[in-house]
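Structural overview for review
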Protein chains: 2
Amino acid sequence: MSPDPPELVVRLLTRDAFAPFGDVIETAGAHHYAINEGTTERFHDLCDVDVESEGGKTLVNIFRGQAWACPISIKMVERHPLGSQAFIPLTQRPFLVVVAENGGAEPGPLHAFLSTDGQGVNYRRNVWHHPLLSLEETSDFLVVDRGGAGQNLEEFSFNMPIAMIKSLPSMT
Amino acid sequence: MSPDPPELVVRLLTRDAFAPFGDVIETAGAHHYAINEGTTERFHDLCDVDVESEGGKTLVNIFRGQAWACPISIKMVERHPLGSQAFIPLTQRPFLVVVAENGGAEPGPLHAFLSTDGQGVNYRRNVWHHPLLSLEETSDFLVVDRGGAGQNLEEFSFNMPIAMIKSLPSMT
């Protein structure tokens, strides 16, 4: 029997920590201004939608993700060579964000973040990430990604589980 | 003292009724398929993001709208000549959608819809609509619209209130 893979420690999601991988979509700290005669506040241009390569266009979708629970074994990651992909939770439930550094042909070291308080993320083009990891209950996410011709999905399966998420950080 | 403007009756939002004005963004009735080894259901390409004219690009924003309450007087509408604009509620609270038919230079007859159960809408380019009408509490919406050069906002103020929303339909 194989030993458990090394633990992947989960940090709370922040713009600074996630900057190498993409954008955090949240109102806190975002540029904003009043519109509609002051009845609406616009938090403006919260992520870089990068979908135009090879004639791509923006798609708006809803992903309904089943809930995962610790311990979570990380066995694969994927990336989108032709476009960014944003996930914005349509609930206030937390979810997990697992990314890998760019390691050349193969994924590099992994990082895990816990999204809280409705934070969304936008994976930059070509950033390795784990598929959607909802928590607590099946949850819906608005997803903004690329449609159009071309091969926009690359998957990488590790030979054996590469890391394990054993617990989540406190949300306070 | 002017008499009250005519009542604008509010209907529940449906794809069919809203089709002349744009898309209803909802999972019900949408094309969907399993991804991520069956752990996620993708409800695919839920609206037509039309932002590319005159070198435009897709923006992802959050609008925080103050709550309105009946009676609501309709005094103006606006439209975006260069791009579509989608509103997806980040809560399950209902909101009001008020649009006008294309009447040439001026807005034509008004229609009002109540979004329930998290339904979003995407206003087609050049469709007259009232600015955001949140209900019950201040509410956040994800907004997908166009950024870039060019004049993308046209407002039309009626000489006097053109219609009044006096009540909402039952949500059941």
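Figured I'd write up the structure that's included with this text. (Residues numbered from 1 in each chain as written. Chains lettered and ligands numbered in written order. Predicted model: local features only at pLDDT ≥ 70, side-chain atom pairs only at ≥ 80, totals over all residues. Heavy atoms only, no water.)

**Some details on the overall build of chain A**
What chain A contains, in helices and strands, is 1 helix and 17 strands. Along the three orthogonal principal directions, the C-alpha set of chain A runs to about 65 × 45 × 30 Å. Sorting the 172 residues of chain A into buried and exposed places 55% on the buried side. When the accessible surface of chain A is summed, it comes to about 7,800 Å², and 50% of that surface belongs to carbon and sulfur atoms. Across chain A, the mean location of the 12 positive side-chain charges is 3 Å away from that of the 22 negative side-chain charges. (Helix = DSSP H or I, 4+ residues; strand = E, 2+ residues; numbered from the N terminus. Buried < 20%, exposed > 50% of the residue type's maximum accessible area, 1.4 Å probe, protein only. Areas by Shrake-Rupley, 256 points an atom, 1.4 Å probe, with all protein chains shown as cover. Lys, Arg positive; Asp, Glu negative; His and termini not counted. Charge placed at Lys NZ, Arg CZ, Asp CG, Glu CD.)

**As for empty space enclosed by the protein**
According to the stated counting rule, one finds 2 cavities of 30 Å³ or more in the structure shown. What the largest cavity holds in volume is close to 70 Å³. If you go around the largest cavity, the residues you meet are A:Val49, A:Val51, A:Glu52, A:Lys57, A:Thr58, B:Val49, B:Val51, B:Glu52 and B:Thr58. In terms of residue class, the lining of the largest cavity is made up of 4 nonpolar, 2 polar and 3 charged. Around the second largest cavity sit B:Phe87, B:Phe95, B:Leu96, B:Tyr123, B:His130, B:Pro131, B:Leu132 and B:Leu133, which together line it. Along the lines of polarity and charge, the residues of the lining of the second largest cavity split into 7 nonpolar, 1 polar and no charged. (1 Å grid on protein atoms, 1.4 Å probe; cavity = no way out; pocket = protein on both sides within 12 Å on 5 of 7 lines; lining within 4 Å. Points joined across faces, edges and corners; volume = space filled by probe spheres on them. Nonpolar A, V, L, I, M, F, W, Y, C, P; charged D, E, K, R; others polar.)

**Structural notes on the interface of chain A and chain B**
In this complex, chain A contributes 40 residues to the contact, which on the side of chain B involves 40 residues. Summed over both sides, the interface between chain A and chain B buries roughly 3,300 Å², with carbon and sulfur atoms accounting for 55% of that surface. Ranking the residues of chain A by area buried against chain B places A:Val60, A:Ile62 and A:Arg64 at the top, with a combined share of 17%. Applying the counting criterion to the chain A and chain B interface returns 4 salt bridges. We note a salt bridge from B:Asp145 to A:Arg42, for which the minimum N-O separation is 3.0 Å. Summed over the shared surface of chain A and chain B, the result is 21 residue pairs in polar contact (both at pLDDT 80 or more). Those elements that provide at least two residues to the side of chain A that touches chain B are β4 (40-43), β5 (57-65), β9 (85-89) and β15 (139-147) of chain A. For the side of chain A that touches chain B, the leading source of residues is β5(A), giving 9 residues. For the side of chain A that touches chain B, the class distribution of residues is 18 nonpolar, 12 polar and 10 charged. Examined bridge by bridge, β4(A) and strand β5 (residues 57-65) of chain B share 4 bridges and lie antiparallel to one another. (Contact = heavy atoms within 4.5 Å. Buried area = accessible area lost by both parts, 1.4 Å probe. Salt bridge = Lys/Arg side-chain N within 4 Å of Asp/Glu carboxyl O. Polar contact = N/O pair within 3.5 Å; in protein donor to acceptor, adjacent residues only side chain to side chain. Pairing = 2+ DSSP bridges.)

**Digging into the sheet that holds strand β2 (residues 22-25) of chain B**
Taken together, the 7 strands give an open sheet; going across it, the order is β3(A)-β4(A)-β5(B)-β15(B)-β9(B)-β12(B)-β2(B), and neighbouring strands pair in antiparallel fashion. Looking at strand neighbours, the two that pair on one side only are β3 (32-35) of chain A together with β2 of chain B, the edges of this open sheet. In this sheet, adjacent strand axes meet at a mean angle of 25 degrees when their direction is disregarded. Relative to strand β12 (residues 120-123) of chain B, strand β9 (residues 85-89) of chain B is paired through 3 bridges, and the arrangement is antiparallel. Residue B:Phe87 lies in a different strand from β12(B), and its bridge partner there is B:Val121. (Axes fitted to C-alpha atoms, helices over the stretch in contact; angles between N-to-C directions.)

**A word on the nonpolar core**
Most often, soluble globular proteins have nonpolar side chains that are buried together. In terms of nonpolar packing, the biggest core is built from 28 residues, with A:Leu142 and B:Leu142 touching the most fellow members. If you list the elements that add at least two residues to this core, you get β5, β9 and β15 of chain A together with β5, β9 and β15 (139-147) of chain B. Excluding residues that lie within four positions of it along the chain, A:Leu142 makes contacts with A:Val60, A:Asn61, A:Ile62, A:Ala86, A:Phe87, A:Ile88, A:Leu90, B:Ile88 and B:Leu142. (Core = buried A, V, L, I, M, F, W, Y, C linked by side-chain atoms within 4.5 Å.)

**A word on unusual backbone geometry**
When glycine is set aside, most residues are seen to have a negative phi, and most peptide bonds are trans. That bond from A:Cys70 to A:Pro71 is cis: its omega, 0 degrees, falls within 30 degrees of zero. In this model, B:Glu54 sits at a positive phi of 50 degrees, which is unusual for a non-glycine residue. Along the chain, the position of B:Glu54 falls in the loop between β4 (40-43) and β5. Residue class for B:Glu54 comes out exposed when judged on its relative accessible area of 58%.

This is a description of form; function is not addressed.
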